[in-house]
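Chain by chain, the residues:
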Amino acid sequence: MHGSRIAAVGHYQPATVLTNEDLASMVDTSDEWIRTRVGIRTRHIAGPDEPVDELAAHAAAKALAAAGLAPGDIDLVLVATSTAVDRSPNTAARVAARLGIPQPAAMDVNVVCAGFTHALATADHTVRAGAATRALVIGADKMSDVTDWTDRSTCVLVGDGAGAAVVEACPAGTESGIGPVVWGSVPGMGHAVRIEGTPPRFAQEGQSVYRWATTQLPPIARQVCERAGTAPEDLAAVVLHQANLRIIEPLAEKLGAVNAVVARDVAESGNTSAASIPLALSKLVERGEIATGDRVLLFGFGGNLSYAGQIVRCP
C-alpha cells in the first residue's frame, strides 16, 4: 500500500455574478447587513441551462489539463454534491460521459458542505488499497437551485461553482501527500442544516451551526494536525469550508495556524457547499499564494453536522 497525493487542482464558476446590491433589490437586505453578518460581497449563479454536472466537468477538465493527463488515465470519479436533480445517472457518471472517461467507477458522495473532504479521503483510501490508480475528486453544487430567493436569511449566503482534484498514487518510497482523515458527525443535530421538501429548499438554524462550528470544531481541527504529525504553526494554508467569515476567522484563530494563509473565498463566491474547499484551494494555487509541497489543512463541516479534515501537500 502506497500513499496518495493531489497531482493537480482546477475550479470553475458561472459567469453571472450576483452582488449584494442586486439582492437588496430582491429582498429586504443591504450590502452593509450582508457584509457585517457573513462577510460576503458577491456570488456566482449558474443559469437554468447549466446543470451541476456541467459545472463539475468544467472544473475536472481544468484539473486534468493541469496534471497533464488524458481522460483515459482516470479510473475513479467521485463527485461530492447535494444538489443533483436526478438520481440516475448519477452526477459522477454524467461527468465521466462529458469528459470521455471510458470505464471508471463513478460515485456521488452526499455529505453536503463536508462532501469534498469525505470524497478526498475515500479516493485516498481507494488508491492506497490498489483499487484505483488515478481518481478525479470533485466538489460541485448549484445551491441556487435549492434556494428560496424570498428568504433573506439564506438567499444572501449561497453561490454556485465547482472545484476538482486529481488524486494519484505516490511513487514507492515517497511521503504520502494526503494525511489521515478525521471525520464524524452529530446525527441528532442533522436538522440544523437541511435541504428538504418538494421542491427541495435549503434551510438552517444559523445560531446552532455557528455555536457548534466555533466551539466544537477547533479541537477536531487540531486533532487533524496531530494525526498528520504537523504543528499548526507549520501549516502554509488553512482552507475551511467557506460558510461565513464569522465562522472561518474564529476557527482559524483558535487552531493556532499563525503562519498560514487563511482562505477567505467566501467573500467573492458565497457558500458553495461541497465546492467551497476545492474552489478556494485551486484559487490559492492559481494565484501562487502557496507553493508545491506546502502543508495545507482542508477541513469541511456543515450539513448533517458532519465534518472531515486532512492535511495535504500542495500540488
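The structure presented is a predicted model; accordingly, all values stated were derived computationally and were not measured.

**Quick look at the overall build of the protein chain**
Within the protein chain one finds eleven helices and 14 strands. Relative to its length of 315 residues, the protein chain is compact, with a C-alpha radius of gyration of 18 Å against a globular reference of 20 Å. For the protein chain, the spread of C-alpha atoms along the three principal axes comes to 60 × 45 × 40 Å. Residues counted as buried form 56% of the 315 residues belonging to the protein chain. Considering only contacts in the protein chain between residues 6 or more positions apart, those separated by 24 or more positions represent 76%. For the protein chain, the exposed area adds up to about 12400 Å²; of that, 48% sits on carbon and sulfur atoms. Charged side chains of the protein chain number 25 positive and 33 negative; the gap between the two group centres comes to 3 Å.

**Thoughts on the sheet that holds strand β12 (residues 261-262)**
Spatially, the five strands line up as an open sheet ordered β8-β14-β13-β11-β12, and their pairing is mixed. Each having just a single partner strand, β8 (182-185) and β12 make up the two edges of the open sheet. As paired strands, strand β13 (residues 295-302) and strand β14 (residues 306-313) are joined by eight bridges and run antiparallel to one another. Bridging from a neighbouring strand, G302 pairs with S306 of β14. Sheet strands touched by helix α11 (residues 276-286): β11 (237-240), β12 and β13. Its angle to β11, the strand with the most contacts, is close to 150 degrees.

**So, the packing of aromatic side chains**
Applying the stated rule across the entire model yields one aromatic pair. The ring of W33 has R152 lying over it, and the distance from NZ or CZ to the ring centre is 4.7 Å.

**A few points about the packing of helix α7 (residues 206-215) against helix α9 (residues 245-255)**
For the pair α7 and α9, the least separation of the axes is 9 Å and the interaxial angle reads 20 degrees. Relative to α9, the element α7 is oriented roughly parallel. As for the relative orientation of α7 and α9, their crossing is right-handed in sense. Where α7 abuts α9, its residues Y210, A213 and T214 lie against R246, I247, P250, L251 and K254. Here the residues of the contact of α7 with α9 sort into five nonpolar, one polar and two charged.

**Regarding the environment of W212**
With respect to the helices and strands, the residue W212 is situated in helix α7. Residues W212 and L305, spaced 93 residues apart in sequence, show a C-alpha to C-alpha distance of 8.4 Å. Those residues in contact with W212 that sit more than four places away from it in its chain are V186, L217, F301, G302, L305, S306 and Y307.

**Focus on the pairing of strand β10 (residues 201-204)**
Where strand β9 (residues 193-196) meets β10, four bridges bridge the pair, whose relative direction is antiparallel. Residue E196 lies in a different strand from β10, and its bridge partner there is R201. Where β9 folds back onto β10 in an antiparallel hairpin, the turn is made up of four residues, including G197, whose phi is positive at roughly 95 degrees.

**Overview of the sheet that holds strand β5 (residues 105-109)**
With mixed pairing, the five strands of this open sheet are ordered in space as β1-β7-β6-β4-β5. What marks the edges here is a single partner per strand, and that holds for β1 (4-12) and β5. Taken over all neighbouring pairs, the strand axes of this sheet differ in orientation by 15 degrees on average, direction set aside. Relative to strand β6 (residues 134-142), strand β4 (residues 76-80) is paired through five bridges, and the arrangement is parallel. If you follow L76 over to β6, its bridge partner there is A135. α11 rests against β1, β6 and β7 (160-169) of the sheet, and its axis sits at about 95 degrees to β1.

**Looking at the nonpolar core**
Judged by nonpolar contacts, the single largest core of 45 residues is most densely connected at L217, L235, L297, F299 and F301. When contributions to this core are tallied by element, the ones reaching two or more residues are α2 (31-38), α7, α8 (217-228), β11, α9, β13 and β14. Top element by residues in this core is α9. It accounts for six residues. Sequence-distant contacts of L217, defined by excluding residues within four places in its chain, comprise W212, L251, F299, F301 and Y307.

Conventions we followed
Residues numbered from 1 in each chain as written. Predicted model: local features only at pLDDT ≥ 70, side-chain atom pairs only at ≥ 80, totals over all residues. Heavy atoms only, no water. Helix = DSSP H or I, 4+ residues; strand = E, 2+ residues; numbered from the N terminus. Rg over C-alpha atoms; globule rule 2.2 N^0.38 Å. Buried < 20%, exposed > 50% of the residue type's maximum accessible area, 1.4 Å probe, protein only. Contact = heavy atoms within 4.5 Å. Areas by Shrake-Rupley, 256 points an atom, 1.4 Å probe, with all protein chains shown as cover. Lys, Arg positive; Asp, Glu negative; His and termini not counted. Charge placed at Lys NZ, Arg CZ, Asp CG, Glu CD. Pairing = 2+ DSSP bridges. Axes fitted to C-alpha atoms, helices over the stretch in contact; angles between N-to-C directions. Phe/Tyr/Trp six-rings, centres within 6.5 Å; stacked < 30°, edge-to-face > 60°. Lys NZ or Arg CZ within 6 Å of the ring centre and 35° of its normal. Parallel < 35°, antiparallel > 145°, perpendicular 65-115°, else oblique. Left-handed = near helix turned anticlockwise from the far one by under 90°. Nonpolar A, V, L, I, M, F, W, Y, C, P; charged D, E, K, R; others polar. Core = buried A, V, L, I, M, F, W, Y, C linked by side-chain atoms within 4.5 Å.

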